[in-house]
Amino acid sequence: FLWSYIEHNRLLSSNKQQIVINQALFHMLYDSKMMKLKRDTKTSSHAPVTVNSEVHRKDLVSLFDEYMQAHTAVILDPDEEPKFKPGFPAKIEITTDKRQGRKFMTHVVGLETYGIDANEFALTAKKYFAAAVTVSSLQGKNAKIKGGKLKQKVSIQGNLVKDVSQKDVPTLLTQHYAIPVQFISAKATVTK
């Protein structure tokens, strides 16, 4: 997109390494509130840029990348039109809390984002871990999801965040449900 705009408006200088900044590029990359805030937090050794000044290609690309915001879409049905949202998708959170004595409970939240039904996951986890599993609705203002439903929390008996034998919740999610590891947040810290 950026290069087609530069070529269309003939902003490439004769040495092919410098880009002439026109009014539109200046406004978008150098004069917008968002970019001013980002520049204020960083210390820059570059000379100030104005309209019709030249900037190196690499500097312009890195600035354009900063300007762009990450968008993602979780595609559950290939026939359905993807809905892009700003930012990265929410991770599936796995935490453990300590019950009485040496007993633990592992909690899994955020399965709905990836189209996993909490009750179906509970049945799979019950068979996979041979443990007691319960499903409960979360409460609070951040607990609502699309359609007016509440987020579900799956609680599994035992400390199953990370296990040496690879029989833990992250392994179940990656092997059985094909969830990539980068979308799983497994916290081994035990809350009381």
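Data block above holds the structure.
Below, the structure is looked at part by part.

Calculation rules
- Residues numbered from 1 in each chain as written.
- Predicted model: local features only at pLDDT ≥ 70, side-chain atom pairs only at ≥ 80, totals over all residues.
- Heavy atoms only, no water.
- Salt bridge = Lys/Arg side-chain N within 4 Å of Asp/Glu carboxyl O.
- Buried < 20%, exposed > 50% of the residue type's maximum accessible area, 1.4 Å probe, protein only.
- Pairing = 2+ DSSP bridges.
- Helix = DSSP H or I, 4+ residues; strand = E, 2+ residues; numbered from the N terminus.
- Core = buried A, V, L, I, M, F, W, Y, C linked by side-chain atoms within 4.5 Å.
- Contact = heavy atoms within 4.5 Å.
- Phe/Tyr/Trp six-rings, centres within 6.5 Å; stacked < 30°, edge-to-face > 60°.
- Lys NZ or Arg CZ within 6 Å of the ring centre and 35° of its normal.

**Quick notes on the pattern of salt bridges**
Working definition: two side chains of opposite charge can pair if their charged atoms are close together.
Move 1: With the rule as written, the count across this model stands at 1 salt bridge.
Move 2: For Arg99, the salt bridge is made with Asp97, and the minimal N-O distance between the two is 3.7 Å.
Move 3: Overall, Arg99 belongs to the partly exposed group, its relative accessible area being 43%.

**Examining the pairing of strand S5 (residues 92–98)**
Move 1: With 6 bridges connecting them, S5 and strand S6 (residues 104–109) associate as antiparallel partners. If you follow Asp97 over to S6, its bridge partner there is Met105.
Move 2: Remark: 5 residues form the turn of the hairpin made by S5 and S6, two consecutive strands paired antiparallel; Gly101 in that turn has positive phi of roughly 65 degrees.

**Describing unusual backbone geometry**
Move 1: Here the phi dihedral of Asn52 falls at roughly 75 degrees; this positive angle occurs in a residue that is not glycine.
Move 2: Of note, Asn52 is situated in the loop between helix H3 (33–41) and strand S2 (54–56).
Move 3: By relative accessible area, Asn52 is classed as exposed at 60%.
Move 4: Phi is positive for Ala178, close to 55 degrees, though the residue is something other than glycine.
Move 5: In this structure, Ala178 sits in the loop between helix H6 (169–176) and strand S9 (184–191).
Move 6: Ala178 sits in the exposed class, given a relative accessible area of 61%.

**Things to note about the nonpolar core**
Move 1: Core analysis: the biggest nonpolar cluster contains 23 residues, and Val108, Phe121, Val154, Ile156, Val169 and Leu173 have the highest contact counts within it.
Move 2: Mapped onto this core, the elements with two or more residues apiece are S5, helix H5 (118–129), strand S8 (152–157) and H6.
Move 3: Setting aside its immediate chain neighbours within four residues, Val154 contacts Thr106, His107, Val108, Leu111, Ala118, Phe121, Ala122, Val133, Thr134 and Val135.

**What to know about the packing of aromatic side chains**
Aromatic ring pairs: the centre-centre distance and the angle between the two ring planes describe each pair.
Move 1: Throughout the structure, instances matching the rule amount to 3 aromatic pairs.
Move 2: Geometrically, the ring pair formed by Tyr114 and Phe183 is tilted, given 6.1 Å between the ring centres and 35 degrees between the ring planes. Highlighted residues: Tyr114 in the loop between S6 and H5 and Phe183 in the loop between H6 and S9, separated in sequence by 69 residues.
Move 3: Judged by its relative accessible area of 12%, Tyr114 is buried.
Move 4: For the pair Phe121 and Tyr177, a centre-to-centre distance of 5.7 Å together with 50 degrees between the ring planes defines the contact as tilted. Pair noted here: Phe121 is in helix H5 and Tyr177 is in the loop between H6 and S9, with a separation of 56 residues, a long-range link.
Move 5: Its relative accessible area of 16% is what places Tyr177 among the buried residues.
Move 6: Above the plane of the ring of Trp3 lies Arg57, whose end atom (NZ or CZ) is 4.5 Å from the centre.
Move 7: Across the ring face of Tyr128, the terminal group of Lys167 is positioned such that the distance to the ring centre comes to 5.3 Å.

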